[in-house]
Amino acid sequence: MLCNRCKKRDAKIYYTEVVNGEMKEQHLCEECAAECTRFHMSSTFVNKNVSVGDILASILGNYRGASNSKANEKADKKADTQGEEEKKDDALRCEHCGMTYEQFLQQGMVGCAKCYEYFNKVLSRSIKSLHGTDVHVGKQPKGYVSWMSKIVNELSEIEKKSILLQEAIEKEEFEEAAKLRDEIRRLKERERNTTKKTGIGKEESNREEINNA
Amino acid sequence: MPKWYEEQSKQSDVVISSRIRLARNFAKYPFSPKLTLEQAELLCEEIHNHLEEKKTKLEEIVGKYYYYNVIKASEIEKEALVERHIITKKLAQKKQPTGVIMTEDESVSLMLNEEDHIRIQAISSGMNLLPLLEKANAIDDFISESLQYAFDDKLGYLTSSPTNIGTGLRASIMVYLPALGISGKMDKLIDEVSQQDVSIRGVYGEGNKSLAYIYQISNCKTIGMSECDIIQNLITIVDQIIKQERNRREYLLDSNFDKYEDQVYRSYGVLRYAKQISTADAMTLLAQIKFGYDSKIIASEETPSFYKLMMAIQPANLQKILGKNAGVKERERARAKFLNESLPELIHL
């Protein structure tokens, strides 16, 4: 297909732009696309050996470029703030491996696992724009204990049951709530008896008795 | 032992093969862009040693396997592995220590220090994504038993490139779409599937004009869906494409049988008697002969495995068959001779 604009060169880019809710579709050649749209063909695209990283870097570059030009259309003051923010993003650096955000944009690859923490804000935005979400729902490594499970594991039996009790009350499942309340009472009773026997934590159990009273 | 591509499958008129790839990194090493030479060497050694220690257990999952130190392999050897899709071009060209573990039937390969620390790959002929995922998962679990992966509660498996983050899964199906290709339907199809987080690209040749009408269909989205859902989505789309391709073939043959019959016989004639031939020409003709077999225009006692022939005539693999380095002219003659002998006699239908 020939380019819609110059009608001479082969159209290589299918360009869709939504302006004020109106969709405009065009088939353009590289030159016309660079001239009349926000899409800029980087030299990596012209190079035949394009890697996914190159494409990603280019998309992210365009993404920023687009937001930049949007900012230019608005008040100067706002554009300045945007520019400053981008400068701040570029200055981001992973303390663990030394990779800067700018280097990441050039290569399309992070330097280590910690980069995802250091570049969290900007990376989460680009992951969402690539995949539509940044929340993993698939497989976990065998035997992996998540941060949440670690916290849950550290809770005592009474604490776990108290959370469940709260949940049951919120869901208005009063039968279940009553059951849990009794179980908590029993557990507390047992705890009190053991502390009395061993004599340890006498002060604590005293405090608890006062609270109960 | 027969290679995976020598096996015939039910949908072999359209589907050539299925492939599962899992990208994984280890928490204690920097990722590829920041990995030093020494660390790369340590990484390959550590994974290799770990696998060797429990060799019997791994062989229970994948069968007999070999370890290749890629950087020490000859250029032809590396190129041949790339042509057979065991390793990627990126791995073959890497200047750092890299490695590959591959099984005897070439259906499983583990690439060490490619873009990610380890890439687990499982291939088979036909539509087989779910059993392949099971196999890749078993290898994945085996590795994670003693080496800790870089994994995040929210983001999942952390990969060098955010394009693979989450599951690290790339599921692909290699298909043969001559009718859709001839009819100029590919651009529209590529557009349509991209809206469903799936991509189609030509395997041989460049851009959308794929040589021999062989395309790879893969998932784009790697996070926010479970592995099974990603695969199910891909299978649904491929099923639709198979239907479209079959309908189109029927239409082409109904409307212009004489033209395609002539083309198939001409292609067979050339490949049976040519004295020298380039890779691109041979691929195109092989694709047309395959179309002839699939459409029952021609037949032989035994149907040849076209994909196997296509891989064998690539430059590096051809030189491996020849057992020596050969220039372009010599290769073209050897390729023609190889194909003259590989194509079976036709039987009258």
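Residues numbered from 1 in each chain as written. Chains lettered and ligands numbered in written order. Predicted model: local features only at pLDDT ≥ 70, side-chain atom pairs only at ≥ 80, totals over all residues.

> Describe the packing of helix α11 (residues 315-322) of chain B against helix α12 (residues 328-342) of chain B, and please don't skip the residues or the numbers.
Residues and elements named next belong to chain B. Here α11 crosses α12 at 75°, and the two axes come no closer than 10 Å. Looking at the two axes, α11 sits roughly perpendicular to α12. For the pair α11 and α12, the contacting residues are P315, L318, I321 and L322 in the first and R331, A334, R335 and F338 in the second. Here the contact of α11 with α12 is composed, by residue class, of six nonpolar, no polar and two charged. (Axes fitted to C-alpha atoms, helices over the stretch in contact; angles between N-to-C directions. Helix = DSSP H or I, 4+ residues; strand = E, 2+ residues; numbered from the N terminus. Parallel < 35°, antiparallel > 145°, perpendicular 65-115°, else oblique. Contact = placed C-beta atoms within 7 Å. Nonpolar A, V, L, I, M, F, W, Y, C, P; charged D, E, K, R; others polar.)

> Can you lay out the domain arrangement of chain B for me, pointing to particular residues and giving the numbers?
When cut into domains, chain B gives domain 1 (19-166) and domain 2 (257-342). Taking only C-alpha atoms, the centre of domain 1 of chain B and the centre of domain 2 of chain B are 33 Å apart. (Domains from an automatic or database assignment.)

> Any chance you could break down the pairing of strand β8 (residues 169-176) of chain B for me, citing the residues and the numbers?
All names here are of chain B. Burial of β8 is extensive: seven of the eight residues sit out of reach of the surface. Two elements, strand β1 (residues 15-24) and β8, share seven bridges in a ladder whose sense is antiparallel. Along β8, the bridge assignment pairs V15 with V175. (Buried ≥ 20, exposed ≤ 12 C-beta atoms within 10 Å, placed from the backbone. Pairing = 2+ DSSP bridges.)

> Could you give an account of the interface of chain A and chain B, with specific residues and numbers?
Opposite the 32 residues of chain A that make contact, chain B presents 34 residues. Residue contributions to the side of chain A that touches chain B peak at five residues, all from helix α7 (residues 120-131) of chain A. Looking at side-chain class alone, the side of chain A that touches chain B contains 17 nonpolar, 12 polar and three charged residues.

> With reference to specific residues and values, describe helix α5 (residues 129-144) of chain B.
Residues and elements named next belong to chain B. Along its 16 residues, α5 runs 22 Å from first to last C-alpha, staying within 8% of the 22 Å computed at 1.5 Å per residue. Listed as buried for α5 are L129, L132, L133, A136, I139, D140 and I143. Angularly, the buried residues of α5 cover 125° about the axis, an arc narrow enough to put them on a single face. α5 presents P131 and E134 as exposed residues on the side facing more than 90 degrees away from its buried surface. Where α5 is buried, its residues meet β1, α2 (55-62), β5 (118-125), β8 and α8 (227-273). (Expected span 1.5 Å × (residues − 1). Arc of directions from axis to C-beta.)

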